[in-house]
Number of protein chains: 2
Amino acid sequence: MSNIKNQVAIINLGTELTQGFTQNTNAHWISGRLRDMGFDTAYQIALPDSADTWNSTWNMIREAGVRMVIIGGGLGPTADDKTRDLIAKTLNRPLVYHPEWEEPIKLWFTSRGKPYSASNQIQACFPEGALVLDNPVGTAPGFQVTHEGITLFATPGVPSEAKAMFERHIAPWLLAQGAPKFFTKETRLAEITESDLELVLRKVDFTEEVSWSSLPVKDALVLRMYSHKSPEILETVQARFEKALGEKAHSIIVSRDGKNMVQVIMELLNARHEMIATAESCTGGLIASEIVSESGSSAIFAGSIVAYQNEVKTQLLGVPSDLIEQYGAVSEPVVTAMAKGAQQAFHCDWALATSGIAGPHGGTEEKPVGLTWMAIATPNKIFAFQEKFLGNREQIRLKSVYRVLSRLRIAILEQKITCTSVH
Amino acid sequence: MSNIKNQVAIINLGTELTQGFTQNTNAHWISGRLRDMGFDTAYQIALPDSADTWNSTWNMIREAGVRMVIIGGGLGPTADDKTRDLIAKTLNRPLVYHPEWEEPIKLWFTSRGKPYSASNQIQACFPEGALVLDNPVGTAPGFQVTHEGITLFATPGVPSEAKAMFERHIAPWLLAQGAPKFFTKETRLAEITESDLELVLRKVDFTEEVSWSSLPVKDALVLRMYSHKSPEILETVQARFEKALGEKAHSIIVSRDGKNMVQVIMELLNARHEMIATAESCTGGLIASEIVSESGSSAIFAGSIVAYQNEVKTQLLGVPSDLIEQYGAVSEPVVTAMAKGAQQAFHCDWALATSGIAGPHGGTEEKPVGLTWMAIATPNKIFAFQEKFLGNREQIRLKSVYRVLSRLRIAILEQKITCTSVH
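Residues numbered from 1 in each chain as written. Chains lettered and ligands numbered in written order. Predicted model: local features only at pLDDT ≥ 70, side-chain atom pairs only at ≥ 80, totals over all residues. Heavy atoms only, no water.

Chemist: So what's going on with the pairing of strand 7 (residues 142–147) of chain A? Residues and values would help.
Modeler: Residue and element names in this part refer to chain A. Burial analysis of strand 7 places 5 of its 6 residues in the buried class, which makes it a mostly covered element. Here strand 6 (residues 131–133) runs beside strand 7; their pairing, made up of 3 bridges, is antiparallel. By the bridge assignment for strand 7, Leu133 is matched with Gly142. Sheet topology places strand 7 next to strand 8 (residues 150–155); 5 bridges connect them, and they run antiparallel. Bridge pairing in strand 8 links Thr146 to Thr151. Hairpin remark: strand 7 followed by strand 8, antiparallel, with 2 residues in the connecting loop; positive phi at Glu148, about 50°. (Buried < 20%, exposed > 50% of the residue type's maximum accessible area, 1.4 Å probe, protein only. Helix = DSSP H or I, 4+ residues; strand = E, 2+ residues; numbered from the N terminus. Pairing = 2+ DSSP bridges.)

Below you can see the structure in the form of structure tokens.
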């Protein structure tokens, strides 16, 4: 954590948040903006529309010494909009009616042909001494008030309004406070567990200037380094980290620029003018869907045959039915034949195939839930491998998708080094 | 707010949350589950991996009188996983190593053929007197400890693990505390907008005993009614609501028992012993993947051809190339031919097809981003329809998936009424 001077508390009021009806996306977004500006979010707090929890939270913030508080929600005209009352009582400043601020609210309604109700007048009332902040995208203005050294911003909770008011009023104010410099570097990793990464990182001299965090996301393990000093110190530490990874670095490092697994594979295949197809059983189209989720994937992706029945594997992918009978659908020979079948059906340079037991039913002692066979057809060979994934049906499917994509990435890289494409 | 006895505080630790890198979805999910069980979330708090903010938060919670605290995150093996240390210091209970809990962690690695690192040993250390909670879907166990009348649960932060541990350990414990009576009724709706639903609901007498909320989810609009009085009052109001929907009720109501769109379609097709296949362009396997995500889908789902290139549409789905040339890939004739091709290729009773412009590029004035043609082949006819969806690439694809599935559901229902399957 940086100095207390750079710390901000974000408080969102709304029973719809604490009852789990609405995801609090505002706190997440504001924290990201604060980070980019060099400020730290010390607390993200969502509260119901209730005086008790507000009071205890306010006391904690004040006693913790946080000097900037961003409050969202509860500024509308209805009875459950309590924020302006709560703040007025907490700061012991009466609410003052500002008729000049009722005019733009009236105008907002009339210009949209909507009837204006007197209940909106409350939206033109603000704690005594507050600076009113106009709302460029909605009716309720916000306000800013400094009290006992704490500067407090109140904005509506509607995400578009909260964001617009942050950019218009809060960000400029924060910048004027003299934000510290803050630099980050993100490396996406695969083929390494979080605990193995920890062992590697222990060998790296991060200096006192660089901190790191690691976070598993669906396609990779994201390593973030950050520093208040300079981009150069991050580069220095990054070089040490990559050296510590050793000769496996090229297999492990997916990207250094935030690109995800599919984006990296697209880039590699685009550079080679090669295309890929998939034949999917347990993943059921999820590899295809993950690829198609990237704009521009049509340049490298031909299509997929989702073969969820054995007859489909035979008829559309040309898997010999005796292979299925002899080895079962979840087996090396079958998944290999599926990859070959997809490569041929789509006339592609590359093909991926999966066949596994995603559960929760269908597992046996020999072939437990989580067992997935995966195959990769390259321009000049086909190979298969298996994993036993843990988790529920969705997790097993998603892990299968990104396991085979990671191996594909490495296969493309190795292909590039060791031979020329046969196409 | 209900009685303080029913109040729960949710605390999530992780600098990735407060730096705005990761959206805190766990607090949202847990609050929803607590609500369904009759408990109130008094505080949702996300904190960085830091002792100061943890200490001030703990003091606030204790002084506020909250007696149940659910803590997520920071139980992994790396140095930024501070939760077990923070709790141990706060409660003044030393961390105790439980060798019997290291065994399952070791096993987790060895059963996957992965090397076990000693850094994982910390995951078998728990505050003195804590009850260890096994983790059914990951390595790090959680724990439960009651201290000065406050019961505190700690679980990993990975959403799938946090959810699994809530269901396995926390929910049963909460139920045993004697939750207040609380009744809910969930109706999943499609083919109606949220604002049109609002107009219908205004006509319904909810009595003073019943509240409602609506929430859009990916496959439907979920209407929840809840009451502290009785299940009967919910049934009474539900009947009024369905009457207010009028003759469209059967099209609009997807389920009254929490079943999602795919589960309802599975049930309908299972009852008819019929199968379905898909031919997907813009959705790129996402319909298939959504169907396969349901266990048991193999009984009704044959497979899919993801035809992301025009040649694939021609060669694998038999779409005449002159149709594509004349009308373009995103057109009624092509999507109709795709559905017919899938029905034939997979020998299925039903087939779905999609072809659209998911963006952000590729739109024209005539065929803008968001335009999607969808077709449904039934046992005795094929029909197509188009929509212009708003949103980003992912949203357009997901809306396409659930729009065509909703129309499929209605088509199956109508088929049942008006004719006998030709198969």
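Having seen the model, we can carry on.
Chemist: I'd love a proper account of the environment of Tyr116(A), names of residues and values included.
Modeler: All names here are of chain A. Structurally, Tyr116 can be placed in the loop between helix 5 (99–111) and strand 5 (125–127). For Tyr116, a relative accessible area of 24% gives the class partly exposed. When residues no more than four places from it in sequence are discounted, the contact partners of Tyr116 are Glu102, Ile105, Lys106, Phe109 and Gln121. In terms of polar contacts, Tyr116 uses its side chain to reach the side chain of Glu102, at 2.7 Å. (Contact = heavy atoms within 4.5 Å. Polar contact = N/O pair within 3.5 Å; in protein donor to acceptor, adjacent residues only side chain to side chain.)

Chemist: Please provide a residue-by-residue account of the interface of chain A and chain B, values included.
Modeler: Of the residues lining the interface, 82 residues belong to chain A; the matching set on chain B comes to 85 residues. Summing the contributions of chain A and of chain B, the shared interface buries around 6400 Å²; its carbon and sulfur component is 56%. Taken as a group, Phe21(A), Gln23(A) and Leu390(A) account for 10% of the area that chain A buries against chain B, more than any other trio of residues on that side. At the surface where chain A touches chain B, the tally comes to 0 salt bridges. (Buried area = accessible area lost by both parts, 1.4 Å probe. Salt bridge = Lys/Arg side-chain N within 4 Å of Asp/Glu carboxyl O.)

Chemist: Please set out the nonpolar core residue by residue, giving values where relevant.
Modeler: Ranked by internal contacts, the top residues of the largest apolar core, which has 56 residues, are Ile305(A), Leu317(A), Phe346(A), Ile305(B), Leu317(B) and Phe346(B). Core analysis: the second largest hydrophobic core is formed by 54 residues, Ile11(A), Trp54(A), Leu86(A) and Tyr43(B) among them. (Core = buried A, V, L, I, M, F, W, Y, C linked by side-chain atoms within 4.5 Å.)

Chemist: For the environment of Cys348(B), give the residues involved together with the corresponding values.
Modeler: Within the secondary structure, Cys348(B) is located in the loop between helix 14 (332–345) and strand 15 (350–356). Separated by 47 residues in the primary sequence, Cys348(B) and Phe301(B) have C-alpha atoms spaced 8.9 Å apart.

Chemist: Tell me about the sheet that holds strand 8 of chain A, and please be specific about residues and values.
Modeler: Reading across the sheet, the 12 strands line up as 6(A)-7(A)-8(A)-3(A)-1(A)-2(A)-2(B)-1(B)-3(B)-8(B)-7(B)-6(B) and stay open at both edges, with mixed pairing between neighbours. This sheet does not close on itself; its edge strands, each paired only once, are strand 6 of chain A together with strand 6 (131–133) of chain B. Within the sheet, the average angular offset between the axes of one strand and its neighbour, ignoring direction, is 20°. Set on the sheet, helix 6 (residues 159–176) of chain B makes contact with strand 3 (68–72), strand 6, strand 7 (142–147) and strand 8 (150–155) of chain B; between it and strand 8 of chain B the angle comes to about 160°. (Axes fitted to C-alpha atoms, helices over the stretch in contact; angles between N-to-C directions.)

Chemist: Quick rundown of unusual backbone geometry? Include the residues and the values.
Modeler: Residues and elements named next belong to chain A. A cis amide bond, omega 0°, links Gly359 with the succeeding residue Pro360. At His273, a position not held by glycine, the phi torsion is positive, near 55°. Secondary-structure assignment places His273 in the loop between helix 10 (261–272) and strand 13 (276–280).

Chemist: Help me get a handle on the packing of aromatic side chains, residues and values and all.
Modeler: The geometry of an aromatic ring pair is captured by the separation of the ring centres together with the interplanar angle, meaning the angle of the planes. Throughout the structure, instances matching the rule amount to 16 aromatic pairs over all chains. Ring centres of Trp29(B) and Phe166(B) lie 5.6 Å apart, and the angle between their planes is 85°; this geometry places the pair in the edge-to-face category. With a gap of 137 residues between them, Trp29(B) in helix 2 (residues 25–36) and Phe166(B) in helix 6 connect regions that are remote in the sequence. Relative to Phe143(B), the ring of Phe126(B) has its centre 6.1 Å away and its plane inclined at 70°; by these criteria the two rings are edge-to-face. Residue Phe126(B) is found in strand 5 (residues 125–127), and its partner Phe143(B) is found in strand 7; the two are separated by 17 residues along the sequence. Accessibility classification places Phe126(B) together with Phe143(B) in one group, the buried group. One Lys or Arg, Arg35(A), reaches over the ring of Phe21(B) and ends 3.9 Å from the middle of that ring. Over the ring of Phe21(B) we find Arg224(A), and its NZ or CZ is 3.5 Å from the ring centre. (Phe/Tyr/Trp six-rings, centres within 6.5 Å; stacked < 30°, edge-to-face > 60°. Lys NZ or Arg CZ within 6 Å of the ring centre and 35° of its normal.)

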